[in-house]
Structure formats: structure tokens, C-alpha cells
Amino acid sequence: MLRSEYNKRYGEGDEPIIINSGYRSEAVNKAVGGVAGSNHLTGCAVDIHVLGKEQAIRYACILLDIADESQEDFDELLIEQSAKSLWIHFAVRLSGNRHRIRLTKG
């Protein structure tokens, strides 16, 4: 849904959505520096590669719109960055969603 909405809004053709990370085992989560209790451990989070800050903001807006339109809660929508890459972390939970939105620098 993110891909089709992004392509419809911004006319970028058939841009793929690149998923860096979804479900992680405890060992993988530890190896990549994930936090204890990460939503990735339950398969409730995804990290989406973005090509720049503009694309990150556009993806974030679409994800928020989808959540609003579907009346589905979300737990986290984070724009995160390391020295080498930029990504969106989006997470949902069955209950107890916190609606955390922030820009972080890793």
C-alpha cells in the first residue's frame, strides 16, 4: 500500500519499497544493536530504506494517512539515521500503541 500510494502521489513510476529489517531473532537483534523489547522481536516492526530526507518525510506522511484512514493504531514512526544510511522504522502492536513519532540520529 505504501508503494502504490507513494507512486500515485509523487509520480515516481514504479519505485520499489526496500525493507531493511522486519522480524528479528534475539541474536540478530543483539548483533545489530537493537534495543531489548524491540517490536522487531515480535515481527511488529519494519525498517524501510529511504533515498533521502525528503523521501523519508513523504513515506512518513503516507503511513500516517493510512493509519488515520484505516483507523488503525501504530506504535512508532521514527525517521532514523546512521553514518551510512537513512530509514523509517514503523511499528504496530496488538495493544498499547504509543503513537511515538520522532526524528532520531543513531
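Bear in mind that the values here come from a model prediction, so they are computed numbers and not experimental data.

Caption draft 1: Broad picture of the overall build of the protein chain. Summing up its helical and strand segments, the protein chain has three helices and five strands in all. Secondary structure of the protein chain in N-to-C order comes out as α-β-α-β-α-β-β-β. For 106 residues, the compact-globule estimate of 2.2 N^0.38 gives 13 Å, and the C-alpha radius of gyration of the protein chain, at 14 Å, lies within 12% of that figure. Structurally, the protein chain occupies a C-alpha span of about 40 × 35 × 20 Å along its principal axes. Evaluated residue by residue, the protein chain yields a buried proportion of 36% over its 106 residues.

Caption draft 2: How the structure looks around the confidence of the model for the protein chain. Here the protein chain shows a mean pLDDT of 90. Residues at 70 or above account for 96%. Of all the helices and strands in the protein chain, helix α1 (residues 2-10) carries the lowest mean pLDDT, 86, while strand β2 (residues 45-49) carries the highest, 96.

Caption draft 3: Representation of the pattern of salt bridges within the structure. Scanning the model with the defined rule gives nine salt bridges in all. Salt bridges sharing common partners tie together Asp 75, Glu 76, Arg 93, Arg 98 and Arg 100.

Caption draft 4: Structural context of the environment of Ser 38. Position of Ser 38 relative to the elements: it lies in the loop between α2 (26-31) and β2. Classification of Ser 38 by relative accessible area gives buried; the value is 9%. Along the sequence, Ser 38 and Phe 90 sit 52 residues apart, while their C-alpha atoms lie 12 Å from each other.

Caption draft 5: The sheet that holds strand β1 (residues 18-21), seen in detail. Taken in spatial order, the five strands of this open sheet run β1-β2-β4-β3-β5, and their pairing is mixed. What marks the edges here is a single partner per strand, and that holds for β1 and β5 (100-103). Here the strands of the sheet are splayed against their neighbours by 25° on average, with no regard to which way each runs.

Caption draft 6: Layout of α1. Restricting attention to buried positions, one finds in α1 the residues Leu 2, Glu 5, Tyr 6 and Asn 7. As for α1, its buried residues are in contact with β2 and α3 (53-70). Gly 11 lies just past α1 and shows a positive phi near 55°.

Caption draft 7: Quick look at α3. The first and last C-alpha atoms of α3 sit 26 Å apart over 18 residues, in line with the 26 Å expected at 1.5 Å per residue. Every buried residue of α3 is listed here: Gln 55, Ala 56, Tyr 59, Ala 60, Ile 62, Leu 63 and Ala 67. Buried residues of α3 fall within an arc of 165° about the axis and therefore sit on the same side. Pointing more than 90 degrees away from the buried face of α3 are the exposed residues Lys 53, Glu 54, Asp 68 and Glu 69. Lining the buried residues of α3 we find α1, β2, β3 (76-81) and β4 (86-91).

Criteria and cut-off values
Residues numbered from 1 in each chain as written. Predicted model: local features only at pLDDT ≥ 70, side-chain atom pairs only at ≥ 80, totals over all residues. Heavy atoms only, no water. Helix = DSSP H or I, 4+ residues; strand = E, 2+ residues; numbered from the N terminus. Rg over C-alpha atoms; globule rule 2.2 N^0.38 Å. Buried < 20%, exposed > 50% of the residue type's maximum accessible area, 1.4 Å probe, protein only. pLDDT = per-residue confidence, 0-100. Salt bridge = Lys/Arg side-chain N within 4 Å of Asp/Glu carboxyl O. Pairing = 2+ DSSP bridges. Axes fitted to C-alpha atoms, helices over the stretch in contact; angles between N-to-C directions. Contact = heavy atoms within 4.5 Å. Expected span 1.5 Å × (residues − 1). Arc of directions from axis to C-beta.

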